[in-house]
Amino acid sequence: MTHRFDVIVIGGGHAGCEAAAASARLGANTALLTHRFATVGEMSCNPAIGGLGKGHLVREIDALDGLMGRVADAAGIQFRMLNRSKGPAVRGPRAQADRKLYRAAMQEAVATQSSLTVVEGAAHGLVINNGRVEGVTLEDGRSLSCAAVVLTTGTFLNGLIHIGEKKIPAGRVGEAPARGLSEQLAAAGLAMGRLKTGTPARLDGKTIRWDLLEEQRGDDPPEPFSFLTRAITTPQVSCHITCTTAETHRIIADNIGRSPLYSGQISGVGPRYCPSIEDKIHRFAEKESHQVFLEPEGLDDDTVYPNGISTSLPEDVQDAFIRTLPGLAAVRIIRPGYAIEYDHVDPRELTHGLAVRHLPGLFLAGQINGTTGYEEAAAQGLIAGLNAARAVAGLDAAVFDRADGYLGVMVDDLVTRGVTEPYRMFTSRAEYRLSLRADNADERLTPKGLGLGLVGPAREAAFSARMAAITEARTLMASRALTSAAALKAGLKVNQDGQTRTAFQLLSMPEVTIDRLAEIWPDLRGLSGDVRTALEADALYAGYADRQRREIERFREDDREAIPDELDYHSLPGLSMELRQKLSRVRPATVGQALRVDGMTPAALTCVLAGIARLAPQSAGQSAGQSAGQSATRNAGRTSW
Amino acid sequence: MNQDSTIFALSSGSGRAGVAVVRVSGAEAGKVFALFGSTCPAPRKASLRRLFQPDGSVLDEVLALWLPGPGTATGEDMAELHLHGSPAIVSAVLAQLSQAEGFALAERGAFSYRAYRNRKLDLLQVEGLADVLEAETDNQRRLAMRQFLGDASHTYETWRADLVRALALMEAAIDFSEEDDVAVKATAEAQAVVRRLIAAFTDALSKAGRAAQVRRGLRVVLAGPPNAGKSSLLNWLVGRDTAIVSPVAGTTRDVVESSLVIAGTPILISDTAGLHQGTTDVIEQEGMRRTLRAVGEADILVWVEAVDGVSTEEPERKPDFRVLNKTDLAGAGSRPTGAEKVWPVSVRSGEGLDDFRAALEESIRVRNDLGEDAVVVRERHRRAVELALGHLHHARGEDGGGDGRGLEFIAEDMRKAAAALAGVTGRVDVEDLLGEIFSAFCIGK
């Protein structure tokens, strides 16, 4: 039996769902191939969405009409805006999610998406004809034909679970790994690597002494992820905090040789920002205690996720050390923690559209590209799905750059720098951090999404209304003004310089809010919460915004200079061997990207430019000034002796 | 690369031609003439212009070119100043330009990059440039830097480590605020490191200023026993009677200085009181003390003895030249012997003088060449450190940046400081910061 699809997405995780939905939103006839529909939208690790940097990604996915923000709003049971005490540019929305509600909401979103068909089955391999990917074969013998495949295999590529000395080939606990695909990718000449991640044991909440523990409440009212969500209606719960003790550390230290991380059994590289508890205790021996957050996995689910004690120690050791934590003396472990190793593709094999450069028709997203995290995966899924659908329609890749958003930063980092550990988003990765805020993701990206056909009519209408309200409020605030003397009289500490300041300018001062200004101008009282947030952030960063805009223009100028793909860096004189190798591997698409390659210098760039000129031998322009200068030097004939 | 600013650089190579060309490219290029208190020449017309220093003194008289874009080498407005090829003048011009708002010393390759961007480089030229830059591989660059900088590289590495530390602490406080290991004290430590960097940069800049003054000209010192003919040699070199000459030993009691230009380099040449042992004359003792100080400060020390004169103990500082004067007094006295090269001359008859002057000139040229490269390196670094210092002051709220600003603003200023110093300390990458964060803090709840 043969089906003809435009795009087949392999994998029903966070990357796969966004990829399938994005492709379908563009109108491509899309299939989502997954083992079982019931596992679509599964949160394999911690039951939380968002965070610093990650929350930005969720808002950006939402601004492009992706699924994650809305699904997390439906499933969120504890919302917190991280860094609330800091400026809006570095705030990140985060929520604990009910895993069952999350799956249900994601499955509904997938099921109701038009042009999207769910196919249950296990992918066996890619159909490659004349160097193009043209379909997928399934383990049960079926084969599906298509024009493009988006591969989102997560940790399933040659997945190998480690629990103490035990090794279990698996993609997730209880689910078989995908073996053939990895070999096929390697055979196609793609550079591969091996990474590692881990997850803690799951605990039975009924056996925890909650009364002994510190409670961490969520925000009230909770702030949703999605620009479309008006209010969170799901009931809210708390997290609790416990910590490791001297006894915990002793047990782990005594048994560290039984951890596959220390016995040499694991070769993959794990993330430094998410170390296992044995790593923490080994590397930071001087620390007497580590915090552990007990996160509920659902409203009607007693499973608890102990965030901070991911481990691959044997089950008996896990059992012993977890019971040494306050409140957990009588805890029942539902299932042990584990480390998992998996294959990934060197993301420098990819274009900025997440297409595999040397295997047309194949797109990759998520952990297969060396990233970690649901949000990172989902953002890539959206980009890969979008571009797979565009490729099928014969359109150029749609690329988001480093000034568009965190998703652009992430893709550019991946394809330019590659990965040495699972890649996670941080706000420190974004050079235009003050401009790329979670609160203005729609302003930055929704217009672009509309142009690409990614954004549906409901969001378009909501976006237009919101922008109209913000514009109106900006006009209002620009038309209200006070002299410095009047401002002082109104209780605002401004320099007595005789200048007149608009309400917007006054808003940029520390500790001046719209509420405060509304005492002076009562007509500001009517502004809604999200409009206030937008204006306060704009005013706060106004001083830096202009400078950053200029930097972005310059950066984009460089990114418009294309480098032909056939440029042979090994033939360029003057480049160091190290740079030749790096440039050959990355194959930067533009001069701007070449500048971001590690170790690049302006002198080396001149060599690259020379190489480009040799490939495109049209003499464009003369250097009148240079020759004039030279002859003037000769004619001047001025010497001192 | 900063593509907003107007860039400038010494575009000519060594100073041997006697002319040094400083090129300027960018939107502000036309302001160059006014910056030196001069007027803008007619477009594309080589014109004579006098350049002034901020204090009103004449810096140089130059051939000036005003080349409005787009018909220029880079496609932008350009100006060229054809200076007298001395490191002192070049250094002063570059220093004055680097002080100007919107101007930045060009990094290597910056002119050709702009030309490329504006489609001004044709195939041949681009290839030619690549050949020129062939030697510019990273290892060679690093090696060259090390040779230039010597001990400085150690200082730069310390700065880099401090910058990485301060930035990492700030970024940790932003990105890992949820971690119990990243306490509020992270930002306090960051502020302490920033204070340390501010002090280090301020100190380095004040020293750079003094170093530049020393480089403003070379000191040539004539020294030796009394009555060897040092003053006569000085007068011959300068070409006028600067020093009083007499056959009486000890005529020169003090250091007599005179300036002249050799190989395009301003030279301060000093005639000194003769050195000899056993004097009790207080004035003579003071004169000799001053001689020794001048010898200590000499860039080029010329040791002058006479065929018929007494020999005296040489100072510790090894002479660069040994001149044996009064060769016209045939057979008189014993000649100093040894392995060292000696220049026999007679100031009275003129014998050997031209050979000596040629050798002195060559020696100055060699120093000149070395000096010019050093000027470029140092000027760029000085400018970078100045910029970085400005950003750090802003981060500290010391220039009206104000208190109560969020962490993200301070981090932004510090990122800018690190970017400004990239040419000095190497690029500080987010991976460097993450490495520092993950080794300093136990991250991962």
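Residue numbers run consecutively from 1 along every chain, following the written order of its sequence. Chains and ligands are labelled sequentially in the order written, the chains with letters from A and the ligands with numbers from 1. The predicted origin of the model limits local features to residues at a pLDDT of at least 70 and limits the giving and counting of side-chain atom pairs to 80 or more, whereas totals for whole chains, interfaces and linings rest on all residues. Only hydrogens and water are set aside; all other atoms, that is, all heavy atoms of the structure, feed into the side-chain values.

All right, on to the sheet that holds strand S3 (residues 48–50) of chain A then. Backbone hydrogen bonds are what pair the strands of a sheet, in a parallel or an antiparallel way. Residue and element names in this part refer to chain A. Paired strands, as defined in this entry, are two strands with at least two bridges between them according to DSSP. Numbered from the N terminus, helices here are DSSP runs of H or I no shorter than four residues, and strands are runs of E no shorter than two. Spatially, S3-S5-S4 is the arrangement adopted by the three strands of the open sheet, whose pairing is antiparallel. Only two strands of the sheet have a single neighbouring strand rather than two, namely S3 and strand S4 (76–82). Here the average twist between neighbouring strands, direction ignored, is 20 degrees. In the sheet, S4 pairs with strand S5 (residues 92–97) via six bridges, with the strands oriented antiparallel. From the neighbouring strand, Gly 76 faces S5, where its bridge partner is Ala 97. Orientation is described by lines fitted to C-alpha atoms, with helices fitted over the stretch in contact, and by angles between N-to-C directions that extend from 0 to 180 degrees.

So, about the confidence of the model for chain B. Residue and element names in this part refer to chain B. Known as pLDDT, the predictor's per-residue confidence is scaled from 0 to 100. Taken over all residues, the pLDDT of chain B has a mean of 77, while the share at 70 or more is 75%. For this analysis, residues touch if any pair of their heavy atoms sits within 4.5 Å. Throughout residues 130–151 the model reports pLDDT below 50, and contacts reaching past four residues in sequence, or to other chains, amount to 33 contacts. Counting contacts from residues 371–377, a segment whose pLDDT is below 50, to residues more than four positions away or on other chains yields 15 contacts.

Further remarks concern the confidence of the model for chain A. Taken residue by residue, chain A gives an average pLDDT of 90. The fraction at 70 or more is 95%. Note that pLDDT drops below 50 for residues 618–641 of chain A; the model gives that stretch 49 contacts with residues more than four away or on any other chain.

This paragraph deals with the side chain of A:Ser182. Within the secondary structure, A:Ser182 is located in helix H5 (residues 180–187). Leaving out residues up to four positions away in the same chain, A:Ser182 has contacts with A:Leu157, A:Asn158, A:Met192 and A:Asp343.

Residue and element names in this part refer to chain A. Each reported salt bridge corresponds to a side-chain nitrogen of Lys or Arg within 4 Å of a carboxyl oxygen of Asp or Glu. Using the criterion set out here, one finds 76 salt bridges over all chains in the structure. The closest approach of N and O atoms between Arg 103 and Glu 42, which form a salt bridge, is 3.4 Å. Highlighted residues: Arg 103 in helix H4 (residues 99–111) and Glu 42 in the loop between strand S2 (30–34) and S3, separated in sequence by 61 residues. Categorising residues by exposure relies on relative accessible area from a 1.4 Å probe, with only protein chains included: less than 20% of the type maximum marks a residue as buried, more than 50% marks it as exposed, and the intermediate range marks it as partly exposed. For Glu 42, a relative accessible area of 14% puts it in the buried group. Where Arg 516 meets Glu 519, a salt bridge forms, and the shortest distance between an N and an O atom there is 3.0 Å. One end of the pair, Arg 516, and the other, Glu 519, are both in helix H16 (residues 514–520), three residues apart, so they sit about a helical turn from each other. Judged by its relative accessible area of 55%, Glu 519 is exposed. When salt bridges that share partners are traced, they join Arg 402, Asp 412, Asp 413, Glu 431, Asp 559 and Arg 596 into one network.

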